[in-house]
Amino acid sequence: MSQLTVTIEDEAAAPRFTFPRGLVIPVILVAAWELAFRVGGFQSDSLAAPGGVAVALVRGLASGEILQATGQTLSAAMLGLAIAGVIGLVMGVFRGLFWRLDCVLDVTTEALRPIPSSALIPVMILIFGFGYRLESACVAFSCTWTIFILTRTAVMGVEPRLMEVAKVLQLGLIDRTFKIILPAALPRIFVAFRLAAGLALVVAVTCEVTANPLGMGFEMMSASQSLRPQLTLAYLVWIGFIGWSLNAILVNAQHRFFSPAASIGAAK
């Protein structure tokens with residue numbers, strides 16, 4: 001009986017590989033795509049078999065071409081995200097604390113917020129020229145609103161009893177903000193930064209595709225114009241992988257640094 005118990009416990013403790021269910025549909029689609037080229041005789045000047053895309057991706061990574069373009073895109077995106085973080089956080093905290101100021105600036109905010117960053121590219125080129133400044137400015141404009149709105153909502157949603165405690169302790173505005181409001185709103189503010197990080201990558205690549213001659217978007221367009229579908233799709237797959245990895249890192253950090261209850265509350 002004891003040997004049976006030990007065997008059952010060992011089997012339960014042994015790690016088991018479980019295939020991620022989310023990969024089922026992508027694997028089926030990729031397999032069907034490959035079969036259409038290899039078996040079905042499908043021919044296209046704008047598409048390539050997954051095997052050819054994988055080869056182009058490995059070669060691009062080995063030569064450093066894709067990694068260099070990735071560094072350019074992420075540098076501009078993270079710089080714009082940092083600028084947006086400072087502006088959006090300050091705006092969100094102040095407008096969350098002072099409802100009269102929020103009412104005064106509401107019309108101006110709602111008039112600027114719907115403007116797509118791509119529509120501002122011609123103006124940004126006149127101001128900043130081409131390069132990192134152009135891309136970072138577009139990213140900062142787009143991400144500021146996401147961080148601002150969610151930060152303002154988080155500040156307004158702070159538990160009223162915490163504000164009463166701050167009044168009882170006679171805390172000033174600065175102490176109340178840094179000791180009461182920001183710690184209570186931090187889980188939701190982190191969600192704002194996580195959403196803005198994904199948006200930063202999208203805007204950066206879009207800016208490179210449409211105007212800015214650097215980064216992954218520009219290299220993908222160059223490969224497309226030179227009729228290299230394998231490399232074009234390789235960049236597309238790599239951009240998706242970078243976005244997925246970035247989100248996975250931030251989600252893991254959210255679960256690690258915040259309690260499950262805070263994470264659930266922030267997600268609502």
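Quick look at the structure, then. What you see is a predicted model; the values in this text were computed from it and never measured. (Residues numbered from 1 in each chain as written. Predicted model: local features only at pLDDT ≥ 70, side-chain atom pairs only at ≥ 80, totals over all residues. Heavy atoms only, no water.)

Examining the layout of surface pockets
Logical step 1: For the largest pocket, the calculated volume is near 380 Å³.
Logical step 2: What lines the largest pocket is a set of 15 residues, and nearest its centre among them are V30, V53, L233, V237 and W238.
Logical step 3: Elements supplying a minimum of two residues to the lining of the largest pocket: α2 (24-38), α3 (50-63) and α11 (229-257).
Logical step 4: If you tally residues by element for the lining of the largest pocket, the top one is α11, at 7 residues.
Logical step 5: Grouping the amino acids of the lining of the largest pocket by side-chain chemistry returns 14 nonpolar, 1 polar and no charged. (1 Å grid on protein atoms, 1.4 Å probe; cavity = no way out; pocket = protein on both sides within 12 Å on 5 of 7 lines; lining within 4 Å. Points joined across faces, edges and corners; volume = space filled by probe spheres on them. Helix = DSSP H or I, 4+ residues; strand = E, 2+ residues; numbered from the N terminus. Nonpolar A, V, L, I, M, F, W, Y, C, P; charged D, E, K, R; others polar.)

Topic: a nonpolar patch on the surface
Logical step 1: Residues L79, I83, V86, I87, V90, F94, F98, L101, V104, L105 and L173 make up a contiguous nonpolar surface patch of about 900 Å² in total accessible area.
Logical step 2: Broken down by secondary-structure element, the contributors of at least two residues to the nonpolar patch are α4 (65-97) and α5 (99-112).
Logical step 3: Broken down by element, the residue count for the nonpolar patch peaks at 6 residues, all from α4.
Logical step 4: Mapped onto the elements of the fold, L101 is located in helix α5.
Logical step 5: For L101, a relative accessible area of 35% translates into the label partly exposed. (Patch = residues over 30% accessible without salt bridge, like charges linked within 9 Å, V, L, I, M, F, W, Y side chains within 5 Å. Areas by Shrake-Rupley, 256 points an atom, 1.4 Å probe, with all protein chains shown as cover. Salt bridge = Lys/Arg side-chain N within 4 Å of Asp/Glu carboxyl O. Buried < 20%, exposed > 50% of the residue type's maximum accessible area, 1.4 Å probe, protein only.)

Side note on the packing of α4 against α11
Logical step 1: Relative to each other, α4 and α11 sit at 45°, their axes nearing to 12 Å. Taken together, α4 and α11 sit at an angle that is classed as oblique. In the crossing of α4 with α11, the sense of the turn from one axis to the other is right-handed. Contact with α4, carried on its side by E65, I66, L67, A69, T70, L74 and M78, involves L231, Y235, W238, I242 and L246 of α11 and no other residues of that element.
Logical step 2: Its residues assigned to classes, the contact of α4 with α11 shows 10 nonpolar, 1 polar and 1 charged. (Axes fitted to C-alpha atoms, helices over the stretch in contact; angles between N-to-C directions. Parallel < 35°, antiparallel > 145°, perpendicular 65-115°, else oblique. Left-handed = near helix turned anticlockwise from the far one by under 90°. Contact = heavy atoms within 4.5 Å.)

Here's the deal with the environment of A234
Logical step 1: Inspection of the secondary structure puts A234 in helix α11.
Logical step 2: The exposure class of A234 is buried, given its relative accessible area of 0%.
Logical step 3: Sequence-wise, A234 and A223 are 11 residues apart; in three dimensions their C-alpha atoms are separated by 9.9 Å.
Logical step 4: With residues up to four places along the chain from it excluded, the contact list for A234 reads V53, A56 and L57.

Description of the side chain of T232
Logical step 1: Residue position: T232 is located in helix α11.
Logical step 2: Accessibility expressed as a relative area gives 16% for T232, which makes it buried.
Logical step 3: At a separation of 3.1 Å, a polar atom in the side chain of T232 contacts the main-chain amide nitrogen of S224.
Logical step 4: Looking at T232, its side chain comes within polar contact range of the main-chain oxygen of R228, at 3.0 Å.
Logical step 5: Apart from residues no more than four positions distant in its own chain, T232 is found in contact with M220, A223 and S224. (Polar contact = N/O pair within 3.5 Å; in protein donor to acceptor, adjacent residues only side chain to side chain.)

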